[in-house]
Amino acid sequence: IPGPPRPKLHGTVRRAFQRQRTLARGREEHAKTLARLAGVVSETGTALAALDLSVSPLGERELLDLLWKAANPNWSRDVAAPSDPTSPEDARCLRDRLFQSRLVVRPDHLRLDGGYEATISLRALPSVTYSGWLDRLTASRLSFRASIHIDSLDTTKERTALEGAHTRRHNLLADRAEKGKATDFRTRQALEEISGVIEGITTGDTRTFKTAIFVTVRAPSREALDAALREAGKSLRDAGGTAVDRCYLGQVSAWQATLPLGVNPIGMTYRSTTLNLSHSFPFLHHRGGTPTGPLLGFSEPGQEVVTLDMRDPALTNGNLVLLGKQGSGKTMTAQRFVLDCVCLGIRVVVLDRSTDHFAGLVGAVPGARMHRVRLGGAYRINPLQLPPGVQQPSEQKIEYLLDLLTVLLGEPSGDGDTRLIGDERGLLAEVCREVYASCRRPEGPYLRDIHAALIERRAEDPLAGKLARRLAEYVGSGSYAGLLDGPTTVSPDAPLEVFNFAGESDKVAARAMLPLIEHIWSVIADPERPTLLVMDEGWSLLEGRASARFMREATRTGRHHGLLTLNISQFVTDYDNPLGQAVLDSRSVSVLLKQNPAQIRKIAELFELTEDEAESLAKLNTVKRRRAGAFLHSRDGADSGSLGIYHTPEQYWLFTSYKPERELRERAIARHGGDVWAAVQELARTQGQPEALKVSPARDPDVSDEPPILSVVR
């Protein structure tokens with residue numbers, strides 16, 4: 001904060017003031033300056049706190065400690081700063097006490113306290129900046145000190161200057177056009193940039209600043225210093241092609257600019273706008289996820305631990321979406337997330353359409369169960385079952401039954417959906433309430449009771465007869481009776497239950513999926529013990545308005561029932577429909593793995609990604625059998641960012657679904673007497689005997705030839 005101007009003194013009076021080292025300004029003006037400074041510090045602290053950055057002003061003691069360490073980087077490790085360096089009256093004593101180490105100045109570096117230091121500066125910002133463009137520097141292993149100097153400029157004067165520059169460049173282009181010369185691309189680009197800045201200043205909140213960025217690098221030898229400077233310069237240049245100044249012959253002044261004094265003695269600055277300046281802050285962390293929870297991966301860059309707890313109260317709800325193309329590692333990521341949830345005591349229910357992707361996990365979790373959803377099998381869900389202790393259905397339960405009956409009995413409509421026409425919905429609602437009122441079974445009525453009630457009414461109501469004929473397929477000896485008619489065969493006690501729909505037609509799976517989800521939501525889900533519902537591809541079978549309406553309600557209020565959801569898909573088109581939109585509208589967190597480049601724009605639109613986030617998504621890379629690149633996107637309650645998801649070798653062999661590897665795992669389990677964990681540890685130790693995998697020329701897209709060499713300590 002600049003203080004009031006110094007009085008203009010001359011001759012003897014001036015020399016006297018210099019000798020006395022007075023403030024050269026009145027105490028009242030000095031107090032006003034300090035008050036302004038305190039106000040700006042408070043305002044800055046509030047703005048940073050809004051970004052979840054914990055900040056506090058540096059007191060006298062903290063500032064002196066920082067200066068002591070900067071001036072004596074090696075000596076300060078063993079010797080504390082002077083306890084009261086400000087006691088002497090002469091300010092030179094403060095300098096002599098703090099700066100104990102010898103300083104040797106060279107044109108391009110400094111020798112300080114047994115080491116070598118050099119300071120570099122940016123000549124200008126990159127032509128294009130993006131959020132976190134300094135990540136490459138902050139994520140490096142260099143020992144460095146960075147500082148950003150910001151000096152706001154007068155908006156009116158800047159706009160006038162920019163308008164003048166705009167006019168000059170416009171005239172240059174017009175003159176070239178008049179003379180028949182080709183348009184100068186750089187002049188045209190500069191004109192467009194100036195126009196954008198003027199528009200931002202005039203109509204928005206854009207401001208301009210004088211900015212300087214300095215980086216001081218320290219190394220134990222001259223050779224190491226040169227290597228560190230090359231790495232630092234490369235990190236800055238790679239971020240956007242910006243030019244780096246080595247501050248030749250100005251090393252002392254540049255070095256002082258990185259001290260915590262807020263001064264820029266070398267005076268190197270360039271202009272920047274609000275957006276460019278905000279992009280240049282290297283102090284914001286890029287750790288995605290929630291503050292606590294199971295390990296998900298490591299941030300990129302930075303390698304900070306990324307955790308994700310879908311029960312975090314800061315999240316709007318507990319709904320997670322996992323999207324990745326084939327071979328991106330989404331199935332392994334989902335299985336690891338499921339295993340972490342089981343270890344935390346969360347009950348997990350998986351709806352799976354794949355070929356036993358979760359079979360290895362079921363064998364590894366004590367008490368886990370696999371249910372095969374088949375016609376004529378041992379699986380059945382009674383859609384009329386009520387939660388324990390409930391005698392009569394709620395209006396929400398009646399609405400669900402009507403939605404289910406719409407799926408089962410509705411007539412096809414022009415848009416591909418099914419609907420009940422005329423008075424059919426009202427009649428079915430009346431019959432549903434009637435069977436609940438007349439049922440005496442402890443477990444509640446069955447679908448056959450609705451069929452019987454419709455038959456009783458058919459003499460007086462032809463509409464009841466039509467509905468009864470359509471419902472006959474789902475009761476008694478009908479084709480689908482084994483799925484829906486009769487007592488429920490599923491027990492809610494298992495820590496992990498997998499319902500596998502593989503091998504059945506979409507029609508069968510669609511008719512079994514909605515009752516199962518409602519059963520989980522209304523009967524199994526318990527607010528005292530959270531339940532994770534995993535829908536692996538199969539959720540897309542819940543097409544139609546009725547299903548979308550139910551899914552929207554279930555995901556919106558699921559947290560009140562202790563229900564968390566994980567929706568998995570490999571096709572972005574799955575979300576481009578009413579049901580997919582319902583899933584996206586209710587999500588709190590999305591984990592986006594490697595995508596088809598042609599789908600990036602569509603994904604950015606559906607998932608509401610910014611341009612920077614879409615760019616991060618396009619850069620994701622997956623290394624087979626080692627790591628999966630991912631972008632975690634959150635609407636609220638969690639931090640977004642890129643990360644790498646790693647799997648230990650044991651996890652890889654537990655989760656793999658590639659047939660030859662699955663067969664190796666089954667043989668290893670048999671050798672160990674059914675001990676799954678001992679089997680996968682053996683396979684991880686021996687790398688699965690890779691020569692045994694060459695049983696087929698076909699290769700699974702989720703598997704590469706690289707051995708799983710990375711182990712993550714959890």
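Residues numbered from 1 in each chain as written. Predicted model: local features only at pLDDT ≥ 70, side-chain atom pairs only at ≥ 80, totals over all residues. Heavy atoms only, no water.

1. Brief notes about the overall build of the protein
Okay, so step 1: Broken down by element type, the protein carries 25 helices and 21 strands.
Okay, so step 2: By the burial criterion, 48% of the 714 residues in the protein qualify as buried.
Okay, so step 3: A fraction of 72% describes how many contacts in the protein between residues 6 or more apart in sequence connect residues 24 or more apart. (Helix = DSSP H or I, 4+ residues; strand = E, 2+ residues; numbered from the N terminus. Buried < 20%, exposed > 50% of the residue type's maximum accessible area, 1.4 Å probe, protein only. Contact = heavy atoms within 4.5 Å.)

2. Points about the packing of aromatic side chains
The relative placement of two aromatic rings is captured by the distance of their centres and the angle of their planes.
Okay, so step 1: Overall, the coordinates contain three aromatic pairs when judged by the stated rule.
Okay, so step 2: Residues tyrosine 652 and tryptophan 653 carry aromatic rings whose centres are separated by 5.7 Å and whose planes lie at 90° to one another, so their mutual orientation is edge-to-face. Considered together, tyrosine 652 and tryptophan 653 belong to a single accessibility category, that of buried residues. (Phe/Tyr/Trp six-rings, centres within 6.5 Å; stacked < 30°, edge-to-face > 60°.)

3. Structural notes on the side chain of arginine 457
Okay, so step 1: Assignment of secondary structure puts arginine 457 in helix 15 (residues 447–457).
Okay, so step 2: Not counting residues within four places of it along the chain, the set of residues in contact with arginine 457 comprises Leu427, Glu430, Val431, Glu434 and Ala464.

4. Focus: the pairing of strand 11 (residues 347–352)
Consecutive side chains of a regular strand alternate in pointing toward one face of the sheet and then the other.
Okay, so step 1: Summarising burial for strand 11: six of the six residues are buried, a large majority.
Okay, so step 2: Residues Arg347, Val349 and Leu351 point to one face of strand 11 and Val348, Val350 and Asp352 to the other, with burial holding for every one of them.
Okay, so step 3: Here strand 11 pairs with strand 16 (residues 531–536) via six bridges, running parallel. Bridge pairing links valine 348 to leucine 532 in strand 16.
Okay, so step 4: Where strand 11 and strand 15 (residues 496–500) come together, five bridges link them in parallel fashion. Across the sheet, the residue bridging to valine 348 is leucine 496, located in strand 15. (Pairing = 2+ DSSP bridges.)

5. As for the packing of helix 15 against helix 16 (residues 462–471)
Okay, so step 1: It is at 8 Å that the axes of helix 15 and helix 16 come closest, and there the two elements cross at 150°. The handedness of the crossing between helix 15 and helix 16 is left-handed. Across the interface between the two elements, Leu447, Ile450, His451, Leu454, Ile455 and Arg457 from helix 15 touch Ala464, Leu467, Ala468 and Leu471 from helix 16.
Okay, so step 2: Here the residues of the contact of helix 15 with helix 16 are counted per class, giving eight nonpolar, one polar and one charged. (Axes fitted to C-alpha atoms, helices over the stretch in contact; angles between N-to-C directions. Left-handed = near helix turned anticlockwise from the far one by under 90°. Nonpolar A, V, L, I, M, F, W, Y, C, P; charged D, E, K, R; others polar.)

6. Overview of a nonpolar patch on the surface
Okay, so step 1: Together, Leu34, Leu37 and Val41 make up a nonpolar patch on the protein surface, roughly 230 Å² of accessible area in all.
Okay, so step 2: Judged by relative accessible area, which is 37%, leucine 37 ranks as partly exposed. (Patch = residues over 30% accessible without salt bridge, like charges linked within 9 Å, V, L, I, M, F, W, Y side chains within 5 Å. Areas by Shrake-Rupley, 256 points an atom, 1.4 Å probe, with all protein chains shown as cover. Salt bridge = Lys/Arg side-chain N within 4 Å of Asp/Glu carboxyl O.)

7. Observations regarding the pattern of salt bridges
Okay, so step 1: Evaluated as defined, the whole model comprises 20 salt bridges.
Okay, so step 2: Here aspartate 226 ties to arginine 222 by a salt bridge, and the two come within 3.4 Å at their closest N and O atoms. Placement of the pair is aspartate 226 and arginine 222 together in helix 8 (residues 222–240), with a separation of four residues, close to one helical turn.
Okay, so step 3: Given a relative accessible area of 25%, aspartate 226 falls into the partly exposed group.
Okay, so step 4: When the shortest N-O distance is used, the salt bridge between aspartate 403 and arginine 425 registers 3.4 Å. Of this pair, aspartate 403 sits in helix 13 (residues 395–409) while arginine 425 is found in helix 14 (residues 424–438), placing the two residues 22 residues apart along the sequence.

8. Observations concerning the layout of surface pockets
Okay, so step 1: The volume enclosed by the second largest pocket comes to roughly 840 Å³.
Okay, so step 2: Along the walls of the second largest pocket sit 27 residues, with Glu193, Ile194, Val197, Thr273 and Asn276 positioned nearest its centre.
Okay, so step 3: For the lining of the second largest pocket, the secondary structure elements donating two or more residues are helix 6 (155–178), helix 7 (185–203), strand 7 (270–273) and helix 10 (274–279).
Okay, so step 4: Taken together, the residues of the lining of the second largest pocket break down into 12 nonpolar, 10 polar and five charged. (1 Å grid on protein atoms, 1.4 Å probe; cavity = no way out; pocket = protein on both sides within 12 Å on 5 of 7 lines; lining within 4 Å. Points joined across faces, edges and corners; volume = space filled by probe spheres on them.)

9. Overview of unusual backbone geometry
Peptide bonds are trans in most cases, and residues, glycine excluded, mostly fall at negative phi.
Okay, so step 1: At aspartate 113, a position not held by glycine, the phi torsion is positive, near 50°.
Okay, so step 2: Here aspartate 113 shows up in the loop between strand 2 (110–112) and strand 3 (115–122).
Okay, so step 3: One non-glycine residue, leucine 249, lies in positive phi territory at about 70°.
Okay, so step 4: Note on placement: leucine 249 falls in the loop between strand 6 (244–245) and helix 9 (251–257).
Okay, so step 5: Here leucine 249 falls in the exposed class, since its relative accessible area comes to 68%.

10. Some thoughts on helix 14
Turn by turn, an α-helix covers 3.6 residues, leaving residues three or four places apart pointing in a common direction.
Okay, so step 1: Here helix 14 contains 15 residues, and its C-alpha end-to-end distance of 21 Å stays within 8% of the 21 Å for a straight helix at 1.5 Å per residue.
Okay, so step 2: Turning to helix 14, the residues buried within the fold contact helix 13, helix 15 and helix 16. (Expected span 1.5 Å × (residues − 1).)

11. Looking at the pairing of strand 18 (residues 589–593)
Okay, so step 1: Within strand 18, five of the five residues are buried, which leaves it mostly tucked inside the rest of the structure.
Okay, so step 2: Of the two faces of strand 18, both are covered, the one formed by Val589, Val591 and Leu593 as well as the one formed by Ser590 and Leu592.
Okay, so step 3: Pairing of strand 10 (residues 319–323) with strand 18, which is carried by four bridges, proceeds in the parallel orientation. Residue pairing across strands places leucine 322 opposite valine 591, the latter belonging to strand 18.
Okay, so step 4: By the bridge criterion, five bridges tie strand 18 to strand 20 (residues 627–634) in an arrangement that is antiparallel. Residue pairing in the sheet places leucine 593 in a bridge with alanine 630 of strand 20.

12. Re the nonpolar core
One recurring pattern in soluble globular proteins: nonpolar side chains tend to sit buried together.
Okay, so step 1: Counting 73 residues, the largest nonpolar core has Leu351, Leu454 and Phe607 as its most contacted members.
Okay, so step 2: Looking at this core, the element that brings in the most residues is helix 18 (residues 506–524), giving 10 residues.
Okay, so step 3: Other than its neighbours up to four places away in sequence, leucine 351 contacts Phe499, Phe501, Met513, Leu516, Ile517, Ile520, Leu533, Val534, Met535 and Asp536.
Okay, so step 4: Met332, Val342, Val350 and Val498 belong to the second-largest nonpolar core, a separate cluster that totals 51 residues. (Core = buried A, V, L, I, M, F, W, Y, C linked by side-chain atoms within 4.5 Å.)

13. Thoughts on the environment of leucine 609
Okay, so step 1: With respect to the element layout, leucine 609 can be found in the loop between helix 21 (600–606) and helix 22 (611–618).
Okay, so step 2: For leucine 609, a relative accessible area of 12% puts it in the buried group.
Okay, so step 3: Counting along the chain gives 26 residues from leucine 609 to arginine 635, while the straight-line C-alpha distance between them is 9.8 Å.

14. A few points about the environment of glutamate 615
Okay, so step 1: Tracing the chain through its elements places glutamate 615 in helix 22.
Okay, so step 2: For glutamate 615, a relative accessible area of 35% corresponds to the partly exposed category.
Okay, so step 3: As a C-alpha pair, glutamate 615 and isoleucine 600 span 15 residues in sequence and 8.7 Å in three-dimensional space.

15. Looking at the confidence of the model for the protein
Okay, so step 1: Per-chain confidence: the protein averages 79 in pLDDT, with 85% of residues scoring 70 or above.
Okay, so step 2: Contacts of residues 690–714 to residues separated by more than four positions or lying in other chains number 46 contacts, the stretch itself having pLDDT below 50. (pLDDT = per-residue confidence, 0-100.)

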